[in-house]
Amino acid sequence: MKILHIDANHPLLLEQLNNLGFENEENYTSSKAEIEAKIKEYDGIIIRSRFKIDKDFLDQAINLKFIGRVGAGLESIDTEYAEKKGIKLFSAPEGNRNAVGEHALGMILSLFNKLNIANQQVRKGLWNREENRGIELDLKTVGIIGYGHMGKAFARKLRGFDVEVICYDIKRNIENSDATQVTLDELFKKTDVLSLHTPWTPLTDKMINTGFINKFKKPFWLINTARGKSVVTKDLVAALKSEKILGAGLDVLEYEKSSFENLFTSEKEIPEPLKELLKLDNVIISPHIAGWTVESKEKLAQTIVDKIKEAFC
């Protein structure tokens, strides 16, 4: 079987697939149209997020047997059409779930203890102790929306704290010893910290908007390590200014390019809500790196190899 790799990944991916007898070809620079013109030559394709694999692309991939995405989600692929064509789809949420869980917890602790603000002040020669007095996570209720691989990994990281962990998911009966599954109404009533761990779908697109935010009974903290388009930035900014949301840790942003590799290239491209968000001290932003650790790079690649091996060897 011949596999085309269109994004660079951990070297073990190529090494182990070669050892299993697959023929591997790397192409990290050709355009989508150029790759589409010759995709019929390949049995498999391995991607991260360089471009979308849509119906037109799949129609040209007449010999394609599988697509492996070295990442957690499959939203860059027309999954329904691929499955109709009998193409197996592999993703690797197992590979970076631990990294995402640690990153989400780190954001909470940094926000609660004002570490980003205090660090900036000390570097400017300011030693402000009282105004940087933090709060503790213990005795808070942490609400998780999306209780799959990522949500479960985050809940496990909270086991060392005296917190109540609740989760909401469209699937039933998925709670475990780390979190209690609740209705949305109960989530709105009890949550002090809300952490998103959902894929991008029509249901989660623009999910966190003014109407949704106002359903929470208490002011709360928001963590988003999932998908940027699930949060409406202008509504988030308004809630932060009104203190309905007390602070936010954002690893993803509404305005990211679909490849997740770029946000903006010039000041002219920065939308006004994002400009406002960037001015707020009670917001921490990282560049879509929650699952982007040295260890997860290897684990993501290994997960894809293992799934290909199980299906075809």
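Scroll up to find the structure this text is about.
Given the structure is predicted, the values throughout are model-derived calculations rather than measurements.

1. What to know about the overall build of the chain
Helices and strands together make up the secondary structure of the chain, namely 12 helices and 12 strands. Radius of gyration (C-alpha) of the chain: 21 Å, near the 20 Å computed for a compact globule of 313 residues. When the backbone C-alpha atoms are referred to their principal axes, the chain occupies close to 65 × 45 × 35 Å. The buried share of the chain, reckoned over its 313 residues, is 48%. For the chain, contacts bridging at least 24 residues in sequence account for 62% of all contacts bridging at least 6. Total accessible area on the chain is roughly 16000 Å²; 50% of this is exposed by carbon and sulfur atoms. If you average the places of the 45 positive and of the 46 negative side-chain charges in the chain, the two averages end up 2 Å apart.

2. Here we look at helix H7 (residues 149-157)
Of all the residues in H7, the buried ones are Met150, Gly151, Ala153, Phe154 and Ala155. Buried-residue contacts for H7 involve helix H5 (93-112), strand E6 (141-145), strand E7 (164-168) and strand E9 (193-196).

3. Considering the packing of H5 against helix H12 (residues 294-312)
Axis separation between H5 and H12 bottoms out at 7 Å; the angle between their running directions is 160°. As summarised for this structure, H5 and H12 are arranged roughly antiparallel, according to the angle between their axes. Crossing of H5 over H12 shows right-handed handedness. Between H5 and H12, the residues in contact are Pro93, Glu94, Gly95, Asn96, Asn98 and Ala99 and Ser296, Lys299, Leu300, Thr303 and Lys307, respectively. Counted by class, the contact of H5 with H12 contains three nonpolar, five polar and three charged residues.

4. Details of the sheet that holds strand E2 (residues 23-26)
Paired through backbone hydrogen bonds, the strands of a sheet run either parallel or antiparallel to each other. On the basis of which strands lie adjacent, the open sheet formed by five strands has the order E2-E1-E3-E4-E5 and parallel pairing. The sheet is open, and its two borders are formed by E2 and strand E5 (88-90), each paired with just one other strand. Looking at each pair of strands side by side, their axes are set apart by 15° on average, direction ignored. The sheet contacts of H12 involve strand E3 (44-47), strand E4 (66-69) and E5, and relative to E5 the element is tilted by about 155°.

5. Comments concerning the pairing of E6
Sheet faces and side chains relate simply in a regular strand, where the side chains alternate between the two faces. Counting buried positions over the five residues of E6 gives five, a clear majority of the element. Bridge count for E6 against E7 is five bridges, and the pairing is parallel. Paired with Val142 across the two strands is Val165, which belongs to E7. Regarding topology, H7 serves as the crossover connection from E6 to the parallel E7, and that connection is right-handed. As paired strands, E6 and E9 are joined by four bridges and run parallel to one another.

What counts, and at which threshold
- Here the residue numbers are simple positions, counted from 1 along each chain's written sequence.
- Residue-level local features of this predicted model are given only where pLDDT is at least 70; pairs of side-chain atoms are given and counted only at 80 or more, and the full residue set underlies all totals for whole chains, interfaces and linings.
- Values shown for side chains rest on all heavy atoms present in the structure; no hydrogens or waters enter the calculation.
- Helical segments are the DSSP runs of H or I of at least four residues, strand segments are the runs of E of at least two, and each set is numbered from the N terminus.
- When we talk radius of gyration, it's over C-alpha atoms, and the globule rule is simply 2.2 Å times the number of residues to the 0.38.
- The buried label goes to any residue with under 20% of its type's maximum accessible area, the exposed label to any with over 50%, and the partly exposed label to all in between, with areas taken from a 1.4 Å probe on protein chains only.
- A contact between two residues is defined here by any heavy atoms of the two lying within 4.5 Å.
- Accessible surface is estimated by sampling points in the Shrake-Rupley manner with a 1.4 Å probe; for residues, cover comes only from the protein chains shown.
- Neither His nor the chain ends is counted toward charge; the positive residues are Lys and Arg and the negative residues Asp and Glu.
- Charge placement uses NZ in Lys and CZ in Arg. For Asp and Glu, CG and CD serve respectively.
- Throughout, an axis means a line fitted to C-alpha atoms (over the contacting stretch in the case of helices), and angles, computed between N-to-C directions, take values from 0 to 180 degrees.
- For classification purposes, an angle smaller than 35 degrees is called roughly parallel, one larger than 145 roughly antiparallel, one from 65 to 115 roughly perpendicular, and anything else oblique.
- Note on convention: the crossing is left-handed when the near helix lies turned anticlockwise from the far helix by less than a right angle, right-handed when the turn is clockwise.
- Each residue gets one label: Ala, Val, Leu, Ile, Met, Phe, Trp, Tyr, Cys and Pro are nonpolar, Asp, Glu, Lys and Arg are charged, and the others, such as Gly, are polar.
- For two strands to be treated as a pair, DSSP must find at least two bridges joining them.
- Note on handedness: a clockwise path from strand one over the helix to strand two, with the strands aimed away from the viewer, defines a right-handed crossover.

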